[in-house]
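So you can see what is in the structure, the chains are spelled out below.
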Amino acid sequence: MSFTIAIDGPAAAGKGTIGRALAERFGLAHLDTGLLYRATARLVLDTGVTPVEAARALTSDALDRDDLRTAEVGQEASKVAAIPEVREALLNFQRAFAQRAGGAVLDGRDIGTVICPDAEVKLFVTASDVVRAQRRHAELAATGSTLGLDEVLQEIKARDARDSARANAPLVPAEDSIQLDTSELTILQAIENAAEITYARMSESGFQADLDSN
Ligand code: DC
């Protein structure tokens, strides 16, 4: 039986942290779909192939690279993500991942609206611009980045504006999503909120989580 958790929201709102924690707690597979767009962008930057060629050529090795989380790759990912043929090339992989037996968590921008409109749980995770910039700044600094807080703030604002304004699969909350504002929450509180929502939906749907896998 499949059970899908769709987590969407703007950059650095906490989607990935919450997604990973839910996957671990409930024994589900997790896919950070931003990595698909980042890996596509990385290939474009490195080899000069077109974004569509890069998206069609993606392999699992391309997702494992440790140089996908830079601000430069984030900006390029947001640009290639606005191309409908790129999104089309990545669609089937995401849908198949979501349908796997045993359940899956996917986080991104269009999971609840386009990739998995029938997901059992849909969360739209947000936080204020400043809080998101502080979190991303700390993450980037830990990897040796020298970008200042203000540059990081401008970077995520530019990305959110582009991701929200594009015609194809824009960043918008699904009508039936539950909004979770993490600005004032600790990581643990945000995870607990999301886990409670998930647990309630699992009970309603009769899905048996593989709790022994933890
Ligand atoms: O989640 P992230 O910040 O790593 O994503 C990088 C970019 O990829 C983001 O700015 C927009 C794009 N993206 C998308 O368009 N759709 C998704 N489902 C995930 C990411």
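Calculation rules
Residues numbered from 1 in each chain as written. Predicted model: local features only at pLDDT ≥ 70, side-chain atom pairs only at ≥ 80, totals over all residues. Heavy atoms only, no water. Helix = DSSP H or I, 4+ residues; strand = E, 2+ residues; numbered from the N terminus. Buried < 20%, exposed > 50% of the residue type's maximum accessible area, 1.4 Å probe, protein only. Lys, Arg positive; Asp, Glu negative; His and termini not counted. Salt bridge = Lys/Arg side-chain N within 4 Å of Asp/Glu carboxyl O. Polar contact = N/O pair within 3.5 Å; in protein donor to acceptor, adjacent residues only side chain to side chain. Contact = heavy atoms within 4.5 Å. Expected span 1.5 Å × (residues − 1). Arc of directions from axis to C-beta. 1 Å grid on protein atoms, 1.4 Å probe; cavity = no way out; pocket = protein on both sides within 12 Å on 5 of 7 lines; lining within 4 Å. Points joined across faces, edges and corners; volume = space filled by probe spheres on them. Near = heavy atom within 4 Å. Areas by Shrake-Rupley, 256 points an atom, 1.4 Å probe, with all protein chains shown as cover. Core = buried A, V, L, I, M, F, W, Y, C linked by side-chain atoms within 4.5 Å. Axes fitted to C-alpha atoms, helices over the stretch in contact; angles between N-to-C directions. Left-handed = near helix turned anticlockwise from the far one by under 90°. Nonpolar A, V, L, I, M, F, W, Y, C, P; charged D, E, K, R; others polar.

Before going further, it helps to examine the side chain of aspartate 107. Structurally, aspartate 107 is set in strand S3 (residues 104–108). Lysine 15 provides the closest opposite charge to the buried, unpaired aspartate 107, separated from it by 5.4 Å. Of note is the side chain of aspartate 107, whose polar atom sits 2.7 Å from the side chain of histidine 30. Setting aside its immediate chain neighbours within four residues, aspartate 107 contacts Ile7, Lys15, Gly16, His30, Leu31, Asp32, Thr33 and Gly34.

Now for helix H10 (residues 187–205). A rise of 1.5 Å per residue sets the reference length of H10, with its 19 residues, at 27 Å; its end C-alpha atoms lie 27 Å apart and thus fit the reference within 8%. By the burial criterion, the buried members of H10 are Ala190, Ile191, Ala194, Ala195, Ile197, Thr198 and Met202. Take H10 and look down its axis: the buried residues cluster within an arc of 165 degrees, on one side only. For H10, the exposed residues lying more than 90 degrees away from the buried face are Leu188, Glu196, Tyr199 and Glu204. Residues of H10 that are buried make contact with strand S1 (4–8), helix H1 (15–26), strand S4 (121–126) and strand S5 (178–181).

Counted as a void, the largest pocket has a volume near 960 Å³. If you trace the largest pocket, you find 44 residues lining it, with Ala12, Arg38, Arg69, Arg136 and Glu139 closest to the centre. Only H1, helix H2 (34–47), helix H5 (71–80), S3, helix H8 (129–142), helix H9 (149–165) and H10 provide two or more residues apiece to the lining of the largest pocket. The greatest single-element share of the lining of the largest pocket, amounting to five residues, is contributed by H1.

Attention now moves to the site of the ligand. Around the ligand, the structure places 14 residues, and the nearest of them are Arg38, Arg87, Arg159, Asp163 and Arg166. Between the ligand and arginine 109, the relevant distance is 2.9 Å, taken from an oxygen atom to a side-chain nitrogen or oxygen of the residue. Side-chain polar atom of arginine 159 to an oxygen atom of the ligand: 2.8 Å apart, as the coordinates give it. In isolation the ligand has 440 Å² of accessible area, and contact with the protein removes 97% of it. Taken together, the elements giving at least two residues each to the shell around the ligand come down to H2, H5 and H9.

The next subject is the environment of arginine 42. Mapped onto the fold, arginine 42 is located in helix H2. In this structure, the C-alpha to C-alpha distance between arginine 42 and leucine 68, residues 26 residues apart in sequence, is 6.8 Å. Contact partners of arginine 42, with chain neighbours within four places excluded, come to Arg65, Asp67, Leu68 and Val73.

Further remarks concern the nonpolar core. Among the nonpolar cores identified, the biggest contains 20 residues, and Ile5, Ile7, Ile18, Leu22, Leu28, Val105 and Leu123 are the most heavily contacted of them. The set of elements that each furnish at least two residues to this core consists of S1, H1, S4 and H10. For this core, the leading source of residues is H10, giving five residues. When near neighbours in sequence (up to four residues on either side) are disregarded, isoleucine 18 contacts Ile7, Val125, Leu180, Thr182, Ala190, Ile191 and Ala194. Counting residues in hydrophobic clusters, the runner-up holds 16 residues, among them Leu35, Leu58, Leu68 and Ala77.

A few words now on the packing of H8 against H9. Contact pair H8 / H9: the axes reach a minimum separation of 9 Å and the direction vectors enclose 115 degrees. The hand of the H8/H9 crossing is right-handed. Listed contacts from H9 to Asp129, Val130, Arg132, Ala133, Gln134, Arg136, His137 and Leu140 of H8 are Leu149, Val152, Leu153, Ile156, Lys157, Arg159 and Asp160. When grouped by side-chain class, the residues that make up the contact of H8 with H9 number seven nonpolar, two polar and six charged.

With that out of the way, let us pick up the pattern of salt bridges. Following the criterion strictly, the structure yields 15 salt bridges and no others. Put simply, arginine 87 and aspartate 110 hold a salt bridge, and the shortest N to O gap is 2.9 Å. One end of the pair, arginine 87, is in helix H6 (residues 84–98); the other, aspartate 110, is in the loop between S3 and helix H7 (111–115), with 23 residues separating them in the sequence. Comparing arginine 87 with aspartate 110 shows no difference in burial state: the two are buried. A salt bridge links aspartate 163 to arginine 109, with the shortest nitrogen-to-oxygen separation between them at 3.6 Å. Pair noted here: aspartate 163 is in helix H9 and arginine 109 is in the loop between S3 and H7, with a separation of 54 residues, a long-range link. Judged by relative accessible area, which is 4%, aspartate 163 ranks as buried. Connected via shared salt-bridge partners are Arg42, Asp46, Arg65 and Asp67.

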